[in-house]
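Below, each chain spelled out in residue letters.
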Amino acid sequence: MASDDMAADDSMMAPEGDFPMVGGAAMYPTKNIIENAVNSAEHTTLVAAVKAADLVDALSGPGPFTVFAPTNAAFDKLPDGTVATLLEPENKDQLTKVLTAHVVSGKLTAADLVAKAKAMGGRYNMETLSGDALTAVLKGSHVYIFDEAGGAALVTTADVNQSNGVIHVVDDVLLPR
């Protein structure tokens, strides 16, 4: 469930009852995406962005959703000033577009992504809530998520199950077109 890398086999599955740790906090499958994310020290920038975009209610809803959640370190890779600019109220639409480009309707586990990619020659295309495309690509025992601009994020922690979907932690921010 909470492997260091999203492997293309069953070795990433944690024993039942074992709650994955993300950002120093246990992620409980009985809590929703927002209830868990606010406890992760690695996702404070993402949580601030979700709040600024008024997406808390949407991501607390029944879903299910698959969220590719960039870490604080991923946001730090963006050019200087980008996050601060996106968090300004006048840029709410752009921020919403960036955030919803990380969310796919439905629950896609690591096994689902791997199986679908294998069935499609190593690549699986998904449509995000923003209407943009993401592609899961198998590279050895790793899964990368590519955005439409060709940017790639490695899934570093897979299958963080939530009451309303699943989170896969990624090491880069995915950008919409």
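As a reminder, the structure under discussion sits directly above these lines.
Just so we're clear, the structure is a prediction, and the values are computed from it rather than from any experiment.

Participant: Sorry, what's going on with the sheet that holds strand β9 (residues 165-170) here?
Facilitator: The pairing of strands in a sheet happens through backbone hydrogen bonds and is either parallel or antiparallel. Sheet architecture is open: 7 strands sit in the order β4-β3-β9-β8-β7-β6-β5, paired in mixed fashion. Each end of this open sheet is capped by a strand with a single partner; those strands are β4 (103-105) and β5 (123-127). With strand direction ignored, the average angle separating the axes of adjacent strands in the sheet is 30°. Judged from the 6 bridges that link them, strand β3 (residues 65-70) and β9 form a sheet pairing that is parallel. Counterpart to F68 in the pairing with β9 is H168. In this fold helix α7 (residues 110-119) packs onto β3, β5, β6 (133-139), β7 (142-146), β8 (152-162) and β9, with an angle of close to 120° to the strand it touches most, β5.

Participant: I tried to follow helix α2 (residues 44-52) on my own but got confused; where do I start?
Facilitator: Residue pairs three or four apart in sequence face the same way in an α-helix, which turns once every 3.6 residues. Within α2 the residues assigned to the buried category are T45, L46, V47, A49 and V50. Buried residues along α2 sit in contact with α1 (33-37), α3 (56-60), β3, α4 (72-76), α5 (82-86) and α6 (92-100). Positive backbone phi, approximately 60°, marks D54, located one or two places after α2.

Participant: Sorry, what's going on with the packing of aromatic side chains here?
Facilitator: One pass over the structure, following the stated rule, counts 0 aromatic pairs. Above the plane of the ring of Y144 lies K139, whose end atom (NZ or CZ) is 5.6 Å from the centre.

Participant: Which parts of the structure should I look at to understand the pattern of salt bridges?
Facilitator: Should the charged atoms of two oppositely charged side chains come close, the side chains can pair. Within this structure, the stated rule accounts for 5 salt bridges. Across the pair D54 and K92 runs a salt bridge whose closest N-O atoms are separated by 2.5 Å. Residue D54 is found in the loop between α2 and α3, and its partner K92 is found in helix α6; the two are separated by 38 residues along the sequence. Taking the relative accessible area as the measure of exposure, K92 reaches 31% and is therefore partly exposed. Between K97 and D132 there is a salt bridge whose closest N-O contact spans 2.8 Å. One end of the pair, K97, is in helix α6; the other, D132, is in the loop between β5 and β6, and 35 residues separate them in sequence. Judged by relative accessible area, which is 28%, K97 ranks as partly exposed. Through salt bridges that share partners, K97, D132, E148 and R177 make up one connected network.

Calculation notes
- Residue positions within a chain follow its written sequence, with the count starting from 1.
- The model is predicted, so local features are restricted to residues of pLDDT at least 70 and side-chain atom pairs to those at 80 or more, both for listing and for counting; the totals for chains, interfaces and linings are taken over all residues.
- No hydrogens and no water enter the side-chain calculation; it runs on all heavy atoms of the structure.
- Pairing between strands is defined by DSSP: at least two bridges between the two strands are required.
- Secondary structure elements are defined from DSSP: runs of H or I of at least 4 residues count as helices, runs of E of at least 2 residues count as strands, and each element is numbered from the N terminus.
- In this analysis, axes come from line fits to C-alpha atoms, helices being fitted only over the stretch in contact, and the angle between any two N-to-C directions falls in the range 0 to 180 degrees.
- Residue contacts follow a heavy-atom distance rule, with two residues in contact if any of their heavy atoms lie within 4.5 Å.
- Exposure categories follow from relative accessible area, calculated using a 1.4 Å probe and restricted to protein chains: below 20% of the type maximum is buried, above 50% is exposed, and the middle band is partly exposed.
- Each pair of aromatic rings taken from Phe, Tyr and Trp, with Trp reduced to its six-membered ring, is defined by centres within 6.5 Å and is described as stacked if the planes are under 30 degrees apart, edge-to-face if over 60, and tilted in the remaining cases.
- Any Lys NZ or Arg CZ found within 6 Å of a ring centre and within 35 degrees of that ring's normal is scored as a charge over the ring.
- Any Lys or Arg side-chain nitrogen located within 4 Å of an Asp or Glu carboxyl oxygen qualifies as a salt bridge.

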